[in-house]
Structures are given as structure tokens and as C-alpha cells.
Amino acid sequence: MNQAFDFNRWGLLVRKHWGDNRNKYTLSLIAVASLLLLWYGFLLLVDGRGPMEREGQIVTYYVGLFLTGSLYASLLFGDLANKPKAINFLSVPASHLEKVLCMALYCVLIYFVCYTVIFYAVDFIMLKVYNAVQLAKWEKAPFLHAPGSVFKPETIANVFYMFDEHPHPGSNPLNMLSFILLLFFGVQGAYALGSIYFPAYSFIKTTITLLLLILFFIFLCAKVLSPILPEGGFSGSLTEFNLLGPRQEWGWRVIQLPSWTDDVFFGFFKFVLAPVFWLATYFRLKEKEV
């Protein structure tokens, strides 16, 4: 039997984890559904039509996905904060790799599928309510619309298809979709890693750490890199710079790095960020002592 990873042993671990946490996970999914209902209700009271439009549904989906997913990932290794539970978790006869993969399965794949199903269930209910209310208002105020016009209800948005109804020539909305989803998996890995590094108040401490890293990057760009660059600005991407021409000339001159540099930069966030965080989670768990 392979000591690092055995599929049958990993399957037993997945089943055990579900048996130990099914009540907590079920209540968590009910809480997510309740939060989405409250969020939709609040937005409808404040904004009226906006939240049920296509863009509003897409924004609600991804904001909820990142917020609730991050909170869930920050509780992933919560047992390590309690010594008896930590001893029980670490003494389970499974390798550290199997434990991390088990957590990743629930945190990334299963949670993503469950959240998507819950979102569309809530979205369907709220659309029915919203369209019924709007139809009643439409029928009671015929003077507000043109004679012979037909009421057009809002429909469920496909959050996985397109982000722009009129994309620019040559653009591929699915590239942005894959970038956002892979970025989400990376954020999940960051909060899972934080749940090991910060056993207490993991979500708050991990969020503060990530914000500090982002602020450091902004400071580096604004105070260190920006004064070095000539007068001008970036256009379209970080590899294309518009350089202001001499005073006797009119217009801008574009300095552009090879196209593969863009692919490398965004490829890091798409394909490297998530594995790095989950790999760090594995080594941190491997070093964990009680």
C-alpha cells in the first residue's frame, strides 16, 4: 500500500469526513441560502430592478461565491485550534496528502457545486417573486407604458457564459470566466492555508494578511516603480505602455513587450497561484504539532 496516497484509503477518509461533519455542512448550506435570500431582499428594497437584471445576478453570484467560499475555507482546519480535536484529526490513519486532498475536494469542488445549485434555486424563487410583483404593478399602471406593449419578465442569467453582451472583437469571455474561477480556487487555498497558520480568528487574520500584501503591491507600484517610469501610462495591460512623445510631436508612442509576457503574468494567477497555496497547506499540515 502506498504510504503517500492510496485511493481506497482516501475514499474512506472522504466518507469519514462527511459522516463527522454532515450536520455542520448541511446547516452551513442552509445559512448560505438564507444569506442569499436576505441579500436579494435587501437589494430589491434599495435598488428595485437592478439586482434581478442579468448583470445584477452575475455580480451577486460571484460576490457570494468569494465571500462565503473564503469563510468556509477559513474553517477548513478549524479542528487544529482545539487540542483534543487536533489530536484526533492528526491521528487519523491517513497521510497528510490524503487529508489535504480530502479538504480540497470539499472546499473547492463540492462547495462550488453546492453553492451554484443553491444560488440558482434562490435566484429562481426571487425571480418568480420579482416578476409577479412587477407584473402586478405593470397591470395597475397602464398609463406608464405604450399601448399594446407586452410585459417582459426578467430571466435567469447564465453566470458561466458571458460577462459582456457586446464583447470586443477578438475577445473571449470564457478566458475571463476561467481566470475568475481559478482565482477563486487560489483564494480558497489561501484561506485554507490561513486556517492552519492562524487557528484562532482565521478568517479575520487571513483577510488582514491578504490586504496587507495587496497594499504592499500597490505601494510598490505607486511609490517605487511609477517614479522610475517616464511620463505616460499603461494601456490595456501591464505589458503595454503609452509613452508621451516629444513636445514637437503629437500623440503617444506605444511600447509593448512580447505577447508571451502577458500570458506568463496572467498564467501565474490562473495556473500557479492555487497549486502554490495548496502545496504550502500540505507542508504546513505536515509540520503541524500539537
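Above: the structure in question.
What you are looking at is a predicted structure, and each value in this text was computed from that prediction instead of being measured.

With respect to the helices, strands and loops of the structure, Glu 98 is situated in helix α4 (residues 96–140). At 2.8 Å, the side chain of Glu 98 forms a polar contact with the side chain of Arg 9. If near-sequence neighbours (up to four positions away) are discounted, Glu 98 is found in contact with Ala 4, Phe 5, Asp 6, Arg 9, Trp 10 and Leu 13.

Now for the packing of aromatic side chains. If you walk through the whole model with that rule in mind, you get 21 aromatic pairs. An angle of 35 degrees between the planes, with centres 6.5 Å apart, marks the rings of Trp 18 and Tyr 25 as tilted. The class of Trp 18 is partly exposed, set by a relative accessible area of 39%. Since its relative accessible area comes to 9%, Tyr 25 is described here as buried. Note on Phe 184 and Phe 185: the rings are 5.6 Å apart at their centroids and 55 degrees apart in plane angle, and the pair reads as tilted. The ring of Phe 89 is capped by Lys 99, whose NZ or CZ atom sits 5.3 Å from the centre of that ring. The positively charged end of Arg 284 is found above the aromatic ring belonging to Tyr 197, 4.3 Å away from the centroid.

As a further point, take the pattern of salt bridges. This structure, assessed with the given rule, holds three salt bridges. Arg 9 serves as the salt-bridge partner of Glu 98, at 2.8 Å between the closest nitrogen and oxygen. Residue Glu 98 is found in helix α4, and its partner Arg 9 is found in helix α1 (residues 7–47); the two are separated by 89 residues along the sequence. Its relative accessible area of 0% is what places Glu 98 among the buried residues. Here Arg 9 falls in the buried class, since its relative accessible area comes to 14%. Salt-bridge contacts for Asp 20 lead to Lys 16; the nearest nitrogen and oxygen are separated by 2.7 Å. Taken together, the positions of Asp 20 and Lys 16, both in helix α1 and four residues apart, correspond to about one turn of that helix.

Definitions and limits used
Residues numbered from 1 in each chain as written. Predicted model: local features only at pLDDT ≥ 70, side-chain atom pairs only at ≥ 80, totals over all residues. Heavy atoms only, no water. Helix = DSSP H or I, 4+ residues; strand = E, 2+ residues; numbered from the N terminus. Polar contact = N/O pair within 3.5 Å; in protein donor to acceptor, adjacent residues only side chain to side chain. Contact = heavy atoms within 4.5 Å. Phe/Tyr/Trp six-rings, centres within 6.5 Å; stacked < 30°, edge-to-face > 60°. Buried < 20%, exposed > 50% of the residue type's maximum accessible area, 1.4 Å probe, protein only. Lys NZ or Arg CZ within 6 Å of the ring centre and 35° of its normal. Salt bridge = Lys/Arg side-chain N within 4 Å of Asp/Glu carboxyl O.

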